[in-house]
Structures are given as structure tokens and as C-alpha cells.
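Here are the chains, one letter per residue:
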Amino acid sequence: MKKWIALLVLAAVLLLGYVAAGPFIAYNAIREAVQAQDTAELAEHVDFPELRRNLKLQVDDYLVRKAGADVQSSLLGAFAMRIASGIAGGMVDTMVTPVGIGALMEGRSVWHRASGGGITDNTYESAPTPDRLQDADYGFESLSRFTATVQSEDGQPLTFVLSRQGLEWKLTDIRLPLDGERVVD
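Residues numbered from 1 in each chain as written. Predicted model: local features only at pLDDT ≥ 70, side-chain atom pairs only at ≥ 80, totals over all residues. Heavy atoms only, no water.

Asker: Lay out the overall build of the chain with the relevant residues and their values.
Answerer: Within the chain one finds six helices and four strands. Along the chain, helices (α) and strands (β) appear in the sequence α-α-α-α-α-α-β-β-β-β when read from the amino end. In the chain, which comprises 185 residues, the proportion classed as buried is 36%. Taking the contacts inside the chain whose residues are at least 6 apart along the sequence as the reference set, 55% of them involve residues at least 24 apart. About 10900 Å² of surface is accessible on the chain, with carbon and sulfur atoms providing 62% of the total. (Helix = DSSP H or I, 4+ residues; strand = E, 2+ residues; numbered from the N terminus. Buried < 20%, exposed > 50% of the residue type's maximum accessible area, 1.4 Å probe, protein only. Contact = heavy atoms within 4.5 Å. Areas by Shrake-Rupley, 256 points an atom, 1.4 Å probe, with all protein chains shown as cover.)

Structure follows, in C-alpha cells:
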């Protein structure tokens, strides 16, 4: 009888350890997939429908805050906001793919161009960039949410949110620094 209790306790401890280590394992798998530019491996660790939804909400919120109350209160302004939201949602849908997420996480400068920064000398460069995801600040927001925050080249925080889905952890949100002038480099 004592052996069964010991086995149950050991199984519970191992399961708890796996759940606690899960986001670190998933984040490192994402990091390695980004470094190797392995989009198939990256796609296994991302919940694309949830990520698209969360990014659209962020962009819509940003557009509403930037427009201000005067624009939102007029009929023409509300119509323009609706069009801008649709265009931004389409851009999010286009960019939230394994290749696009890999580019964002790697910090490739094509994102700089896409966010209005123009063409630079290394816009089309395909050589791997330094591992920007290596020195992240980790933290649990709850038993089902984990964050890893890195600094962009211009010093703004970029937070990757992983959510537990059963025993798996997947990337479900990227909190963009939309309060500043630029989104990402």
C-alpha cells in the first residue's frame, strides 16, 4: 500500500514539474526554431487563430487611441476607423504566419520596412541575426499564462505570451510596444 501512495506522489510531483517546466521548454523550442528558421517546428508551438485575434485587438485599440474622441464621434470618422481596422486586420492576417512570426521574433528588418521604417541596407538580408530571444525576462502571470519579455533594438519591451492548453504551452499573444512611435525594428 505504501508503494502505491509513493508512486502516486511521485507521479504527481513529476506532472507538476513538467507543467512548471513546460513554458520554458516551449519557449526554448520556439527560440531554436527561429534561429534555425524552421517554420514547421515554429508552427507547432504557436496557436495562430488566438495569436491573430489578440494582435488584431491590440492594433484596433491602438488605432482607436490614436484617432481620439473627435474622430470617433463623427460619422465619417467612425467610417474611416472601420476601414482602417479592416485594413489593419488584413495586415495582421497576412503577417501572422510561421514565416512572419519567425521574422518578428528574429528581428529581421523586413518588419522595420513593413511598419513604415523604409528600406535599409539589410532589408533583404537573409543571414541570421543575433539571438534576440536569449536574454528574456520570464514570469508566470497565472498557472496557465507565462511571459517572456525581450528588449527590441530601440529598447522597447516585446512580450511573448504562452498559454497552457492541456499539458502543452503555445504562443498565444505578442504584446507589441504600440505606445511609442515605432512598432518594431
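Asker: Summarise the pattern of salt bridges; cite the residues concerned and give the values.
Answerer: Going through the model one piece at a time under the given rule, you end up with three salt bridges. One salt bridge in this structure joins R145 and E141, with 3.3 Å as the shortest N-O distance. On the accessibility criterion, R145 (28% relative accessible area) is partly exposed. For the salt bridge of E141 with R175, the shortest nitrogen-to-oxygen distance reads 2.8 Å. Of this pair, E141 sits in strand 1 (residues 137-142) while R175 sits in strand 4 (residues 168-175), placing them 34 residues apart in sequence. Using a relative accessible area of 42% as the deciding quantity, one classes E141 as partly exposed. (Salt bridge = Lys/Arg side-chain N within 4 Å of Asp/Glu carboxyl O.)

Asker: Account for a nonpolar patch on the surface, with residues named and values stated.
Answerer: Side chains of L76, F79, I83, I87 and M91 sit close together on the surface and give an oily, nonpolar patch of about 530 Å² of accessible area. When you line up the elements, F79 lands in helix 4 (residues 75-95). Given the relative accessible area of 52%, F79 is considered exposed. (Patch = residues over 30% accessible without salt bridge, like charges linked within 9 Å, V, L, I, M, F, W, Y side chains within 5 Å.)

Asker: Give me the pairing of strand 3 (residues 157-165): which residues, what numbers.
Answerer: Of the pairings in the sheet, the one linking strand 2 (residues 145-151) to strand 3 comprises seven bridges and is antiparallel in character. Each bridged residue has a counterpart across the sheet, and for A148 the counterpart in strand 3 is F160. The hairpin formed by strand 2 and strand 3 contains five residues between the paired strands, and G155 there has a positive phi angle of roughly 85°. In textbook terms, the turn of a hairpin is the stretch between consecutive antiparallel strands, and for strand 3 and strand 4 this stretch comprises two residues, one of which, G166, has a positive phi near 75°. (Pairing = 2+ DSSP bridges.)

Asker: Lay out the pairing of strand 1 in plain terms, naming residues and giving numbers.
Answerer: Bridging between strand 1 and strand 2 involves five bridges; their strand directions are antiparallel. Paired with Y138 across the two strands is A148, which belongs to strand 2. Once strand 1 ends, the chain turns through two residues before running back antiparallel as strand 2.

Asker: Tell me what's going on with the sheet that holds strand 4, and back it up with residues and numbers.
Answerer: The strand order 1-2-3-4 describes an open sheet built from four strands, whose pairing is antiparallel. The open sheet has two edge strands, strand 1 and strand 4, and neither has a second partner. Sheet twist, expressed as the average angle between the axes of neighbouring strands with direction ignored, equals 25°. Packed on one face of the sheet, helix 1 (residues 2-36) meets strand 1, strand 2, strand 3 and strand 4 and runs near 135° to strand 1. (Axes fitted to C-alpha atoms, helices over the stretch in contact; angles between N-to-C directions.)

Asker: Describe in detail the environment of Q134, supporting the description with residues and values.
Answerer: Mapped onto the elements of the fold, Q134 is located in the loop between helix 6 (110-117) and strand 1. A C-alpha to C-alpha distance of 9.9 Å links Q134 and E32, two positions 102 residues apart in sequence.

Asker: Describe the side chain of D47, with residues and values.
Answerer: With respect to the secondary-structure elements, D47 resides in the loop between helix 2 (39-43) and helix 3 (48-73). Within the buried core, D47 has no salt-bridge partner, and the shortest N-O distance to an opposite charge, that of K170, equals 7.0 Å. Aside from chain neighbours lying at most four places away, what touches D47 is Q165, K170, L171 and T172. (Lys, Arg positive; Asp, Glu negative; His and termini not counted.)

Asker: Go over the environment of R164, please, and point to the residues and values.
Answerer: When you line up the elements, R164 lands in strand 3. For R164, a relative accessible area of 31% translates into the label partly exposed. Apart from residues lying up to four places away in sequence, R164 is in contact with V19, L143, S144 and W169. Separated by 3.4 Å, the side chain of R164 and the backbone oxygen of L143 make a polar contact. (Polar contact = N/O pair within 3.5 Å; in protein donor to acceptor, adjacent residues only side chain to side chain.)

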